[in-house]
Amino acid sequence: MADELLRREYHIQGRDFERAGESSTLIKEILKGVGIDPTLIRRAVVIVFEAEMNVVMYAEGGTVTLVLTEEEIRIEVADRGPGIPDIEQAMQEGYSTAADDMREMGFGFGMGLPNIRRNSDLFTISSDVGRGTTVQSSIRLDGHG
Amino acid sequence: MAEYTHGFRIETESCNGCLACMRACPTHALRIRNGVVKLLPELCIDCGSCLRVCPTGGIVPLTRSLAEFSGFKFRVAVVSPVLYGQFPVGVSPAHIVAGLKALGLDAVWDYAVEIEVVRRAIAEQVQKWEGRYLMVSVSCPVIVRLIQVAYPRMVDCLIGIQPPREVAGRALKRRYSRELGIREDEIAAIYITSCQAKTISILQPAEGGRSHLDGALGVSDIYNGTLAAAREWELTGREPAAEDLVRNASMLRWSTPDGPGGTFPGRRHLYVTGITNVIRVFDDIEKGKLRNLEFLECYACWGGCIGGNLAVDNYYVTRNKMQHLMNGLPELDPVTQAEADRRYREEDLTLEGPVLPRVIEPSGRDLRERVRVMTMAEQIRARLPGLDCGLCGAPSCTTLAGDVAAGEAAQTDCVFLGKERLGDLRELYLGNRS
């Protein structure tokens, strides 16, 4: 594996809708600052934002980790939360356990995880019911997923 | 790197190094070096924020004077609808048109038709949308440039239809060339504008190619002369026999917060004005927070074109006057409708080329080197006080740190870190007063 050029970690607070999306903005600035292709930045930003929203909606809190190597952008989002009992079901578009108030805010339409997978070249998700969920995404810098 | 032209000129000899422009610039394109402003042209999006705040008038819009068009055989004004809301109550649109002609313009163009034609073209594109992607109006040249510089992925969202002023420039040259038997390049198409940014879209269109307009005159450039001539008409108590160019409310609404998106019923439309507000909305769009939007109209000036930096009357009064004018008019008049029907069928309104992102190369030849420069900038930033006082000549501590890491500035430019810095500034700004 190529060595890490850069690593950043951000904390996300559960239920903090006001600040939700801050780490995706910071990550966008970093990737822009080092001249990553805008199309790849866009994909990374969507991944981080969706994962961040999942943490804000369902979990107590979590962390976003950005790792940049010469080959890829790696994003890991790990939360302390209820976990997902049936991952296969959760990965289906439109499947959501969000409460009505979330939907009224424009979230929880069951597009988050599928959206993350769609924008990733590599995607893994693991969950421990009662403890939390970890999503790992990778975007290849050469654009050949 | 490509050369960038801008819609203003900095007269460094009148710059007093006061920091106002640097602090106002939303893209951090200005620095103060040795008490004089310096522009980083690739970052400038021509928003004109600096012009508004410069106390010495040292940043001059490149709008022109009418005399500069004297080389043309025939001079035609295309008038931003904002102009009709700029004059005192009692000065009618017909008086204003007569006033413009008295200044020496040979004709004032019937702009209502282009506005209607372009409104239809945009409406048709938005109707065809079917939920695939967001569409953003290209009316404001600053927004187009903001997207090129800071939101390069969004260039695909820009609606590929020429703004009405360009369609008008093309049409008026064709018509007068035919009617007067002179060449198109002997006819000047002059846009009367409420902001300096229209100048840049004439000098260097974002989509490449050439503008159909020959230059712009600011509302403030022609105001006094037009008012004096219009007043003479007003005193006669008669209406001049000029063509009736303000016939419908739709044209006037184009420049207000209600149009043109407001006329597309049932569409998810957002009207955003003020560059910092636009930046917030674009950020939300980029991260996917704002979805299902269909049509976005954004203007760099707060309040839209009515709030342009070359407008004379204040925003609220102008809006009120334009509303009064609209109240007495039909939404669309039969003359405009018939002419727009014909031209909509006949004319190609597509933008003459795609708008491409403006590539700004970060310092460092490869990714490893660029990460090193950025990490260094972060370390330098951590040593700075975070006051964003601007005395170093950069708008914020973060910008200074970036400049230092890129080798464009010295850490000792900060008054807290450079022992000599305050003394040098005292010398520079107070001179023999100290």
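Model, not experiment: these values are computed from the prediction. (Residues numbered from 1 in each chain as written. Chains lettered and ligands numbered in written order. Predicted model: local features only at pLDDT ≥ 70, side-chain atom pairs only at ≥ 80, totals over all residues.)

> Could you give me a rundown of the overall build of chain B, with the residues and numbers involved?
Each helix and strand counted, chain B has 15 helices and 11 strands in total. Its C-alpha atoms give chain B a radius of gyration of 24 Å, within 12% of the compact-globule value 22 Å for 434 residues. In terms of principal-axis extent, the alpha carbons of chain B reach across some 70 × 60 × 40 Å. Burial status across chain B gives 44% buried among its 434 residues. Long-range pairs, those at least 24 residues apart, make up 77% of the contacts in chain B between residues at least 6 apart in sequence. (Helix = DSSP H or I, 4+ residues; strand = E, 2+ residues; numbered from the N terminus. Rg over C-alpha atoms; globule rule 2.2 N^0.38 Å. Buried ≥ 20, exposed ≤ 12 C-beta atoms within 10 Å, placed from the backbone. Contact = placed C-beta atoms within 7 Å.)

> Got a sec to walk through the packing of helix α1 (residues 22-33) of chain A against helix α2 (residues 38-58) of chain A? Specific residues and values, please.
Two quantities define a packed helix pair, namely the angle between the axes and the distance from one axis to the other. Residue and element names in this part refer to chain A. At their nearest, the axes of α1 and α2 sit 9 Å apart, and the two run at 160 degrees to each other. Relative to α2, α1 is oriented roughly antiparallel. For the element pair α1 and α2, the recorded crossing hand is right-handed. Judged by residue contacts, S23, S24, I27, K28, L31 and K32 of α1 engage I41, A44, V45, V48, F49 and E52 from α2. Per-class residue counts for the contact of α1 with α2 are 7 nonpolar, 2 polar and 3 charged. (Axes fitted to C-alpha atoms, helices over the stretch in contact; angles between N-to-C directions. Parallel < 35°, antiparallel > 145°, perpendicular 65-115°, else oblique. Left-handed = near helix turned anticlockwise from the far one by under 90°. Nonpolar A, V, L, I, M, F, W, Y, C, P; charged D, E, K, R; others polar.)

> Could you give an account of the environment of H212(B), naming the residues involved and the relevant values?
All names here are of chain B. Position of H212 relative to the elements: it lies in the loop between α7 (197-203) and β9 (215-218). Each C-alpha atom of the pair H212 and Y344 lies 18 Å from the other, and the pair is 132 residues apart in sequence. With sequence-adjacent residues up to four places away left out, H212 is seen in contact with E166, G169, R170, K173 and A189.

> Can you explain the sheet that holds strand β6 (residues 107-108) of chain B? Please cite residues and give values.
Residue and element names in this part refer to chain B. Pairing is parallel across the open sheet formed by 4 strands, whose spatial order is β6-β5-β8-β9. Looking along the sheet, the strands with just one partner apiece sit at the ends: β6 and β9. In this structure, strand β8 (residues 187-193) lies alongside β9, joined through 4 bridges in parallel fashion. Within β9, the position partnered with T193 by the bridge is G218. (Pairing = 2+ DSSP bridges.)

> Quick one: what's the story with the packing of helix α13 (residues 367-383) of chain B against helix α14 (residues 397-405) of chain B, residue by residue and with numbers?
Residue and element names in this part refer to chain B. Look at α13 against α14: their axes get within 8 Å of each other, and the N-to-C directions meet at 135 degrees. As summarised for this structure, α13 and α14 are arranged oblique, according to the angle between their axes. Note that α13 runs across α14; the crossing there is right-handed. On α14, the residues that touch V373, M376, A377, I380 and R381 of α13 are C397, T398, A401, G402, V404 and A405. Residues belonging to the contact of α13 with α14 are distributed by class as follows: 8 nonpolar, 2 polar and 1 charged.

> Explain α13(B) to me, and be specific about the residues and the numbers.
An ideal rise of 1.5 Å per residue puts 24 Å on 17 residues; α13(B) measures up with 25 Å between its terminal C-alpha atoms. Where α13(B) is concerned, the buried positions are R370(B), V371(B), M374(B), A377(B) and I380(B). Those residues of α13(B) that are buried are in contact with β1 (4-13), α1 and β2 (61-69) of chain A together with α14 of chain B. (Expected span 1.5 Å × (residues − 1).)

> So, the environment of L391(B): which residues are in play, and what are the values?
Residue and element names in this part refer to chain B. Looking at where L391 falls in the secondary structure, it is placed in the loop between α13 and α14. Remark: the alpha-carbon pair of L391 and R358, spanning 33 residues in sequence, is separated by 30 Å. Each residue touching L391, except ones within four places of it in the same chain, is listed here: V415 and L425.

> Explain the interface of chain A and chain B to me, using residue names and the numbers behind them.
Opposite the 17 residues of chain A that make contact, chain B presents 16 residues. With 7 residues, the single largest contributor to the side of chain A that touches chain B is α2(A). Here the side of chain A that touches chain B is composed, by residue class, of 8 nonpolar, 6 polar and 3 charged.

> I'd like to hear about the sheet that holds strand β11 (residues 295-299) of chain B, residue by residue, with values.
Residues and elements named next belong to chain B. The parallel open sheet is built from 3 strands, whose spatial order is β7-β11-β10. At either end of the open sheet lies a strand with only one pairing partner, and these are β7 (135-136) and β10 (269-273). Bridge count for β10 against β11 is 5 bridges, and the pairing is parallel. Following the sheet pairing, Y271 is matched in β11 by E297.

> Just give me the short version of the confidence of the model for chain B, but keep the residues and values in it.
In the predicted model, chain B carries a mean pLDDT of 90, and 96% of its residues have values of at least 70. Predicted complex metrics record ipTM = 0.86 and pTM = 0.87. (pLDDT = per-residue confidence, 0-100.)

> Which residues make up helix α5 (residues 112-119) of chain A, and what values go with them?
All names here are of chain A. Within the sequence span of α5, burial applies to G112, L113, I116 and N119. Buried residues of α5, viewed axially, fall in a sector of 135 degrees; they line one side. If you follow the buried residues of α5, they end up packed against α2, α3 (87-90), β4 (122-128) and β5 (132-140). (Arc of directions from axis to C-beta.)

> Tell me what's going on with the environment of L83(B), and back it up with residues and numbers.
All names here are of chain B. Looking at the secondary structure, you find L83 in the loop between β5 (74-79) and α3 (93-103). Exposure remark for L83: the 24 C-beta atoms within 10 Å place this residue in the buried category. C-alpha separation for the pair L83 and T318, spaced 235 residues apart in sequence, amounts to 8.9 Å. Not counting residues within four places of it along the chain, the set of residues in contact with L83 comprises I96, I192 and V219.

> Which residues make up the domain arrangement of chain B, and what values do they have?
All names here are of chain B. The assigned domain composition of chain B is domain 1 (1-61), domain 2 (66-346) and domain 3 (367-434). The C-alpha-based centres of domain 1 and domain 2 are spaced at 26 Å. Ranked by residues supplied to the side of domain 1 that touches domain 2, first place goes to helix α2 (residues 49-53) with 3 residues. (Domains from an automatic or database assignment.)

> Go over the confidence of the model for chain A, please, and point to the residues and values.
Taken over all residues, the pLDDT of chain A has a mean of 89, while the share at 70 or more is 90%. Within chain A, β2(A) carries the highest mean pLDDT (97), whereas helix α4 (residues 100-104) of chain A carries the lowest (67).

> Any details on unusual backbone geometry? Residues and values, ideally.
Most peptide bonds take the trans form, and the phi angle of most residues other than glycine is negative. Residue and element names in this part refer to chain B. Even without being a glycine, L19 presents a positive backbone phi close to 80 degrees. Within the secondary structure layout, L19 lies in the loop between β1 (8-10) and α1 (20-24). A positive phi angle, close to 50 degrees, is found at D388, a residue other than glycine. Relative to the helices and strands, D388 is located in the loop between α13 and α14.

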